Amino acid sequence: MRIVSADTGGAVLDENYNPIGLIATAAVLVEKPYRTATLSIVKYSNPFDYDLSGRKALRDEAFLALKLARKVKPDVIHLDSSLGGIEVRKLDDPTIDALRISDRGKAIWHELSKDLQPLAKRFWEETGVEILAIGKESVAVRIAELYAGIYSVKWGIEYAMREGFVRIGLPRYMSVEINRTRILGKSLDPREGGLYGEIPIENGDFEWQVYPNPIARTFMVFEVKI
Amino acid sequence: MRIVSADTGGAVLDENYNPIGLIATAAVLVEKPYRTATLSIVKYSNPFDYDLSGRKALRDEAFLALKLARKVKPDVIHLDSSLGGIEVRKLDDPTIDALRISDRGKAIWHELSKDLQPLAKRFWEETGVEILAIGKESVAVRIAELYAGIYSVKWGIEYAMREGFVRIGLPRYMSVEINRTRILGKSLDPREGGLYGEIPIENGDFEWQVYPNPIARTFMVFEVKI
Amino acid sequence: MRIVSADTGGAVLDENYNPIGLIATAAVLVEKPYRTATLSIVKYSNPFDYDLSGRKALRDEAFLALKLARKVKPDVIHLDSSLGGIEVRKLDDPTIDALRISDRGKAIWHELSKDLQPLAKRFWEETGVEILAIGKESVAVRIAELYAGIYSVKWGIEYAMREGFVRIGLPRYMSVEINRTRILGKSLDPREGGLYGEIPIENGDFEWQVYPNPIARTFMVFEVKI
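Residues numbered from 1 in each chain as written. Chains lettered and ligands numbered in written order. Predicted model: local features only at pLDDT ≥ 70, side-chain atom pairs only at ≥ 80, totals over all residues. Heavy atoms only, no water.

Counting from both sides, the interface comprises 20 residues of chain A and, opposite them, 20 residues of chain B. Summed over both partners, the interface of chain A with chain B buries about 1600 Å², with 59% contributed by carbon and sulfur atoms. Interface area lost by chain A to chain B is led by A:Met1, A:Lys32 and A:Arg191, which between them contribute 36%. A salt bridge links A:Glu192 to B:Arg217; its shortest N-O distance comes to 2.4 Å. Between the two partners, chain A and chain B, sit eight residue pairs in polar contact (both at pLDDT 80 or more). The element contributing the most residues to the side of chain A that touches chain B is helix H4 (residues 139-163) of chain A, with three residues. Taken together, the residues of the side of chain A that touches chain B sort by class into 10 nonpolar, three polar and seven charged. (Contact = heavy atoms within 4.5 Å. Buried area = accessible area lost by both parts, 1.4 Å probe. Salt bridge = Lys/Arg side-chain N within 4 Å of Asp/Glu carboxyl O. Polar contact = N/O pair within 3.5 Å; in protein donor to acceptor, adjacent residues only side chain to side chain. Helix = DSSP H or I, 4+ residues; strand = E, 2+ residues; numbered from the N terminus. Nonpolar A, V, L, I, M, F, W, Y, C, P; charged D, E, K, R; others polar.)

Structure (structure tokens):
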């Protein structure tokens, strides 16, 4: 099974470890044996001018996943929304109302589906590929999350090269290591069976550190300074 | 404390990683220091003709646990049903109605208790051994789950020897390794403190692979082919 | 950020692995990189005469945290009560009623706040330091929990030196190791990013063992005998 997925993560943190805004949306192609991505692309946001309400992220993810899917022609697309794996093309208003999710979740999807439902329907008619709202059950979504974290670290290094310093909150229970040629991001949850991601970087002169976020247990902080 | 427990697990998966039916019910004797079984027995089901509703598994587990218990005379029997550790011999209809569980759970236990309650009562009268509905709190239940996974792998190897190939979904966050003489199954959750199981196998010529189930995060897939 | 936190844990267990009473309240100073404590103090309870209802623990923790805070002047104090990080000095009766917690939790806090709210208000007026009810989100609370476990082990060794034997239930998913000079306690959850604690001990002649609590999955038992 060839899966395209996308997720958003990595946040600039203030000095009290509170998030200011999200950094990266990553889309990935995941293939058997489903431990990492065989291809990834990224779209950066401006974390200093970001709407944290959650609507923006999912829309960005859907569009970036479609962009990658048009190129690699997967069997299925997984979005990070835990609706039990329902097909997005079927998410009309009565179907959303019938979902067993919170009223806030329904309000978000009523708005989101105006764009995403026709988009998913058209993509399915053209290609036969379904877009599923599967969320946390999907290994591909988790791998996309790890890549969003790695790309955030890459963004952070470039930002620190210009501005001197940045503190980034990584996605849930993941850690990163940097060597001369690449950034390696690993899940800290062994129950996931060894999920990881990696991207190349250029050599640079900076110091970095990874440590637990003191006010968000199981989340790590990445700091970089020149 | 000498505990007998039983659990059912391991599922034949279709090409989309959806379960077709369950493979093995294992009963185990667990003794201090409670990291593995000192004895195990198995009852195989036909995964290609299996009722996935959950009633069959628990009944099979109770009967297999009793079979082992008659032989090894434990202090207590743990069943995989999370009713807070209540004694099964006390599960009459008014007691079931008073449990804080879902209506579906109550309906299942109203039916199950017709057989199991008198069975548990008789066993307790004869031996003084209680059968507890303790579920996920019990380490012995988890060890039985690991053994159900290992026996499913053994079944899978024998099936593949005849049919060429099979894909099995293992119980939650466990992995398996195979060497020339045995199948070793290990919990992937270090919080459990190092739980594992092992059974002997005969030497055979086959290829195997373990990898994450892409649509069921924290569950691994075991594939074997000749 | 310099954080003081406190937590209570470690329980004497009976022969069926049920808790009799809690052993130790530990207060810790946690500083960047937030993986262990730079300072810790302990207050022991009598586990054989302990009120397990939960009111006593939180009150002990608040007083011990304040004792340490007066000495080390932290930026903030974290208490192990998961109220979303609300300031304890603001917990008057209408605020408690408006919290989204259980009725039992509200009853406990209505009683607790009689002491703790004025105490927190006075401390804040004198020092500017807030006491937050942050609970499980706080890494400092978790580190305090690990120290409560280590101090319980120390208590257990001293108890066994006098009485011959004791069986202790450690806080959730933590393990301990003892060498000639110290007790080391480690989180068993790698998602927490490597949290641990250590305290010195005097050399002594005893045997010890750590193994899973058979009726409380993810909790370990520490046994010591001379």
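We now examine the pattern of salt bridges. Scanning the entire structure with this criterion turns up 46 salt bridges over all chains. Between A:Glu223 and C:Lys32 there is a salt bridge, with the nearest N and O atoms lying 2.9 Å from each other. Taken together, the positions of A:Glu223 in strand S12 (residues 219-225) and C:Lys32 in the loop between strand S2 (19-30) and strand S3 (37-44) put the pair across two chains. Measuring nitrogen to oxygen at the nearest pair gives 3.5 Å for the salt bridge that ties B:Lys186 to B:Glu177. Judged by its relative accessible area of 39%, B:Lys186 falls in the partly exposed class. Of the residues examined, B:Glu177 reaches a relative accessible area of 42% and is grouped as partly exposed. (Buried < 20%, exposed > 50% of the residue type's maximum accessible area, 1.4 Å probe, protein only.)

With that settled, the discussion passes to the side chain of A:Gln117. Structurally, the position occupied by A:Gln117 is in helix H3 (residues 103-127). Setting aside residues up to four positions removed in sequence, A:Gln117 forms contacts with A:Val88, A:Arg89 and A:Leu91.

Moving on to the relation of the copies chain A and chain B. With an axial shift of 0.0 Å and an RMSD of 0.0 Å, the rotation relating chain A to chain B amounts to 120°. The superposition of one copy onto the other is thereby described by a three-fold rotation axis. Looking at the interface residues of chain A, only 15% of them are also at the interface in chain B, so each copy uses its own face. (Least-squares fit on C-alpha atoms with pLDDT ≥ 70 in both.)

What follows is about the packing of helix H1 (residues 55-72) of chain B against helix H3 (residues 103-127) of chain B. Relative placement of two packed helices is described by the angle separating their axes and the distance separating the axes. All names here are of chain B. Contact geometry of H1 with H3 gives a least axis separation of 10 Å together with a crossing angle of 10°. Judged by the inter-axis angle, H1 sits roughly parallel to H3. Contacts between H1 and H3 pair Arg55, Leu58, Arg59, Ala62, Phe63, Leu66, Ala69 and Arg70 from the former with Ile108, Trp109, Glu111, Leu112, Asp115, Leu116, Leu119 and Phe123 from the latter. Residue composition of the contact of H1 with H3, grouped by class: 11 nonpolar, no polar and five charged. (Axes fitted to C-alpha atoms, helices over the stretch in contact; angles between N-to-C directions. Parallel < 35°, antiparallel > 145°, perpendicular 65-115°, else oblique.)

Moving on: the domain arrangement of chain A. Residues and elements named next belong to chain A. Examined at the domain level, chain A breaks down into domain 1 (3-137) and domain 2 (142-225). The C-alpha-based centres of domain 1 and domain 2 are spaced at 21 Å. Contacts between domain 1 and domain 2 engage 29 residues on the former and 27 residues on the latter. Buried surface at the junction of domain 1 and domain 2, summed over both partners, amounts to about 2100 Å²; 63% is from carbon and sulfur atoms. At the boundary of domain 1 with domain 2, the tally comes to zero salt bridges. The tally of links from domain 1 across to domain 2 stands at 11 residue pairs in polar contact (both at pLDDT 80 or more). Elements supplying a minimum of two residues to the side of domain 1 that touches domain 2: strand S1 (3-13), strand S2 (19-30) and strand S3 (37-44). When residues of the side of domain 1 that touches domain 2 are assigned to their parent elements, the largest contribution, nine residues, is made by S1. By residue class, the composition of the side of domain 1 that touches domain 2 is 17 nonpolar, eight polar and four charged. (Domains from an automatic or database assignment.)

Further remarks concern the interface of chain B and chain C. Each side of the interface is counted separately: chain B has 20 residues, and chain C has 20 residues. For the pair chain B and chain C, the summed buried area comes to about 1600 Å², and 60% of that belongs to carbon and sulfur atoms. Linking chain B to chain C there are two salt bridges. Applying the counting criterion to the chain B and chain C interface returns eight residue pairs in polar contact (both at pLDDT 80 or more). Looking at which element gives the most residues to the side of chain B that touches chain C, the answer is helix H4 (residues 139-163) of chain B, with three residues.

What follows is about the relation of the copies chain B and chain C. At an RMSD of 0.0 Å, chain B and chain C line up after a rotation of 120° and a shift of 0.0 Å along the axis. Of all interface residues in chain B, a mere 15% are interface residues in chain C too; the two copies therefore contact each other through different surfaces.

Bringing the environment of A:Trp155 into the picture now. All names here are of chain A. The topology assignment puts Trp155 in helix H4. In the structure, Trp155 is positioned 145 residues away from Gly10 in sequence and 9.7 Å away in space, judged by C-alpha atoms. Ignoring anything within four residues of it in the chain, the contact list for Trp155 reads Val12, Ile23, Tyr44, Pro47, Phe48, Val166 and Ile168.

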